[in-house]
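# Summary of the model geometry
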Amino acid sequence: MRHGRRRITWKGSALVVGAVTAGCALVTYLPQDTALEDPFVVEGGVGETLDLTYAELTVTDVRVADTLSGVTETAVAGGTFVVVDATWRATQGLTTFVGAEVTDAEGRRFWPANLADCTTAPKAQPGYAWRATYCFDVPRDALAGATVRLARGDQAEEHAGQRRDAVAVVDLGITGGEADELWEATETVSPEMEGYATASPGGDEG
């Protein structure tokens, strides 16, 4: 804690020491602001490019499937797969994006599955748009109102790896009526292979 300027004299030395001591005690016992530890959340929707300082992110498409058909593997969902296509463009250096989860309207969290060419930790370099597909196996009642959270900080309980960092939270745009239709439909999705996008989110060649 910073104090105003003091005049130091022999007679006032005891008062100066007392003031400094009191000041130290004041700093020690001030309540801590837990908000300083919280991530900086950037919210958006599908198709929007979000600036996270260390990268730009665009969720380009959202699909729902019962089955994933990859190049070397086919996977069947326990519930249904929410397939999120995204494009990352790093801005500060080679970056690995290891934070990913779908959160439903009740606050339940679902982490991505490493199945059938789906990704869990894509990497991107500055100047290049990097395409990635995340796949989340969720129950029926998790579809309506779901959001996807993507970040560079690692995935952990209470988002411990994302404190004081930027994260993206994107509304998947699934309403209650749409959720019922999506659940009843029988679809097979082939996730896009992770790699350079043919164009950046802004439309420039990547």
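Predicted model only: the values in this text are computed from it and were never measured. Within each chain, residue numbers correspond to sequence positions counted from 1 in written order. Local features in this predicted model are restricted to residues of pLDDT 70 or higher, and side-chain atom pairs are both shown and tallied only at a pLDDT of 80 or more, whereas totals for entire chains, interfaces and linings draw on every residue. Think of the side-chain values as coming from all heavy atoms in the structure, minus any hydrogens and water.

### Structural notes on the pairing of strand β10 (residues 147–151)
Type-normalised accessible area, obtained with a 1.4 Å probe on protein chains alone, sets the label of each residue: buried when under 20%, exposed when over 50%, and partly exposed for intermediate values. Where helices and strands are cited, they refer to DSSP runs of H or I of at least four residues and of E of at least two residues respectively, numbered from the N terminus. Burial analysis of β10 places four of its five residues in the buried class, the great majority of the element. At least two DSSP bridges between two strands are required for those strands to pair. In the sheet, strand β6 (residues 99–103) pairs with β10 via five bridges, with the strands oriented antiparallel. Residue pairing for β10: glycine 99 is matched across the bridge by alanine 151. Direction of pairing for β10 relative to strand β11 (residues 166–171): antiparallel, over a ladder of four bridges.

### Topic: the pattern of salt bridges
Criterion for a salt bridge: a side-chain nitrogen of Lys or Arg within 4 Å of a carboxyl oxygen of Asp or Glu. Within this structure, the stated rule accounts for nine salt bridges. Close ionic contact of glutamate 192 with arginine 131 constitutes a salt bridge, the shortest N to O distance being 3.1 Å. Separated by 61 residues along the polypeptide, glutamate 192 in the loop between β12 (188–189) and β13 (195–196) and arginine 131 in strand β9 (residues 130–138) bring together distant segments of the chain. Taking the relative accessible area as the measure of exposure, glutamate 192 reaches 35% and is therefore partly exposed.

### Focus: the state of the cysteines
Any pair of cysteine sulfurs within 2.5 Å is marked as a disulfide. A complete count under the given rule lists one disulfide for this structure. The side chain of cysteine 118 participates in a disulfide bridge whose partner is cysteine 135; the two sulfur atoms lie 1.9 Å from each other. The chirality of the disulfide connecting cysteine 118 with cysteine 135 is left-handed, given an S-S dihedral of about -65°. Placement of the pair is cysteine 118 in the loop between β7 (109–110) and β8 (123–124) and cysteine 135 in strand β9, with a sequence separation of 17 residues.

### Brief notes about the packing of aromatic side chains
Aromatic rings from Phe, Tyr and Trp, with only the six-membered ring used for Trp, were paired whenever their centres fell within 6.5 Å, and each pair was classed as stacked if the ring planes differed by under 30 degrees, edge-to-face if by over 60, and tilted otherwise. As enumerated under the stated definition, the model contains five aromatic pairs in all. When the centroid spacing of 6.5 Å and the interplanar angle of 20° are considered together, the rings of tyrosine 134 and phenylalanine 136 count as stacked. Residue classification places phenylalanine 136 among the buried residues on the basis of a relative accessible area of 0%. Taken together, Tyr54, Trp88 and Phe97 form an aromatic cluster joined through their ring pairs.

### Let's talk about the side chain of aspartate 165
Looking at the element boundaries, aspartate 165 is found in the loop between β10 and β11. By relative accessible area, aspartate 165 is classed as buried at 16%. In this structure the side chain of aspartate 165 is engaged in a polar contact, spanning 2.8 Å, whose partner is the side chain of arginine 152. The contact partners of aspartate 165, leaving out residues within four places of it in the chain, are Pro39, Phe40, Tyr54 and Arg152. Whenever two N or O atoms come within 3.5 Å, that pair is a polar contact, provided that in protein one can donate a hydrogen and the other can accept it, and provided that, for residues adjacent in sequence, both atoms are side-chain atoms. For this analysis, residues touch if any pair of their heavy atoms sits within 4.5 Å.

### Focus on the confidence of the model for the chain
Residue-level confidence of the predictor, termed pLDDT, takes values from 0 up to 100. In this model, the chain carries an average pLDDT of 82, and 75% of its residues clear a pLDDT of 70 or more. Between residues 1–30, whose pLDDT stays under 50, and residues either more than four places distant or in other chains, the model counts seven contacts.

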